[in-house]
Amino acid sequence: MQRVRIVLWAAVAIALAAFAFLMLRPVQETPTRQQPLAISSIGGPFTLTGSDGKPFSSASLAGKPYAIFFGFTHCPDVCPTTLARMVRLRQLLGAGDRPFEILFVSVDPERDGSTEVGKYAELFKSPVTGLTGSPAQIEQVKRQYGIFSRKVPDSSGGYSVDHTSTVLLFDRKGDFSGTIASEEKDNAALAKLKRITA
Amino acid sequence: MKRILLAALLLASCSKSGTPDLRISDAWARETVAGQTATAAYMTIDNRGAGDDRLVSVEATAPAKAMLHVSESSGGISRMREMGGGLVLPAGTAVQLKPGGSHVMITGLEAPLQTGEVMKLHLRFEKSGPREVAVSVGAGGR
């Protein structure tokens, strides 16, 4: 009897340990766990606010290939690096002054008004369309384009934003054509840009 | 194989205690526009000495503040974090602070930084002590 009791208590201890392990182990963050988007459905019509404070409709992109990037103006490294690169690639591509449009959409509408995105876009000394909107509008566009973003507090009392930094490419018909990742080589990126501007 | 890995690991973790000799070059910061209060500065820190060193902190001229940051990207998502514990500068290695990687984040800028301007940053190293670095402001096209 004594033995059985020991065995049973041991089983309880093991079960408790297993339970504790399951409860205490760090939860794997899976920011990429979003609604999977069918390739053909990426994008679609939207209305946001332009740098002039007026509504910007995706209808104005009709017939124009475009590259769209989501970021925020308080982002000092990845966002300007990505946008400056897109401008540089556009110059490398040649094919006229503006073979494709570059769109910058804020994922931080609480801090980025139309003035902020407009000023930020001017940094690149080449046409970049800065867009923002109400938090609800931004959420909607993020869903359409499969974009993740999340605010992360920093030590100075402010916050940074983790966000998808992949550039999405759309052709003249407005169809999703591909992406450009930050680590991708210029040649590969240029080949993709040639495809949308063809 | 395991033994080799272990040996490599031990070797890698063994820090060199000689005297570091730091050369800082190509220090630049991205220009800003009116209303933009943050930017990033980049540079190369070449440790030609026989000992490791560590960049412990960076200060900008008040009211601007500087912090060591690192941008990381995985699964297409980029994150920017403060660099805890500073930046290790191994002997005989040139460490680059560059776009999309380690950088000095500067916040609290009161006026736009214009191309051609020079900004001072005060770097503090664990062994080499304080250093002032002249950072030239440039366009973002690099």
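Residue positions within a chain follow its written sequence, with the count starting from 1. Naming scheme: in the order in which they are written, chains are lettered from A and ligands are numbered from 1. Given that this is a predicted model, residues contribute local features only at a pLDDT of at least 70 and side-chain atom pairs are listed and counted only at 80 or more, while totals for whole chains, interfaces and linings are drawn from all residues. Side-chain metrics rest on all non-hydrogen atoms present in the structure, leaving aside hydrogens and water.

## What about the confidence of the model for chain A?
- Per residue, pLDDT captures the predictor's confidence, and it can take any value from 0 to 100. Per-residue confidence for chain A gives a mean pLDDT of 87, with 79% of residues at or over 70.
- Any pair of residues with heavy atoms lying within 4.5 Å of one another is described as a contacting pair. For the stretch residues 26-33 of chain A, pLDDT sits under 50, and the model shows 6 contacts to residues farther than four places along the chain or on other chains.

## Looking at the sheet that holds strand E4 (residues 101-106) of chain A
Residue and element names in this part refer to chain A.
- If DSSP finds at least two bridges between two strands, the strands pair. The secondary structure listing takes helices from DSSP runs of H or I that are at least 4 residues long and strands from runs of E that are at least 2 residues long, numbered from the N terminus. The strand order across the open sheet built from 5 strands is E5-E4-E3-E8-E9, with neighbouring strands paired in mixed fashion. Two strands lie at the open edges of the sheet, namely strand E5 (129-131) and strand E9 (176-180), each paired on one side alone. For this sheet, the mean inter-axis angle between neighbouring strands, taken without regard to orientation, is 25°.
- Where E4 and E5 come together, 3 bridges link them in parallel fashion. What sits directly across from Val105, in E5, is Leu131.
- Lines fitted to C-alpha atoms define the axes, with helix axes restricted to the stretch in contact, and inter-axis angles between N-to-C directions lie between 0 and 180 degrees. Across the sheet, helix H5 (residues 186-197) lies against strand E3 (66-71), strand E8 (167-170) and E9, angled at about 160° from E9, the strand it touches most.

## A look at the state of the cysteines
Residue and element names in this part refer to chain A.
- Throughout, a disulfide means two cysteine sulfur atoms within 2.5 Å of one another. One pass over the structure, following the stated rule, counts 1 disulfide over all chains.
- Each disulfide pairs two cysteine sulfurs, and for Cys75 the partner residue is Cys79, the sulfurs being separated by 2.4 Å. What sets the handedness of the Cys75 and Cys79 disulfide is the S-S torsion sign, and at about 100° it is right-handed. Accessibility assignment for this pair places Cys75 and Cys79 in one class, buried. Buried residues are those whose accessible area, probed at 1.4 Å on protein chains only, stays under 20% of the maximum for their type, while exposed residues exceed 50% and partly exposed ones sit between those limits.

## Re the nonpolar core
- Buried Ala, Val, Leu, Ile, Met, Phe, Trp, Tyr and Cys residues form a nonpolar core when they are joined through side-chain atoms within 4.5 Å. Ranked by size, the top nonpolar core spans 49 residues in total, and within it Phe46, Ile68, Met86, Tyr145 and Leu193 of chain A carry the most contacts.
- The dominant element in this core, judged by the number of residues it contributes, is helix H2 (residues 78-93) of chain A, at 8 residues.
- Sequence-distant contacts of Ile68 of chain A, that is, excluding residues within four places in its chain, are made with Leu103, Val105, Tyr145, Thr166, Val167, Leu168 and Phe170 of chain A.
- Formed by 29 residues, the second largest nonpolar core is a distinct cluster that contains Ala60, Val70, Leu123 and Phe125 of chain B.

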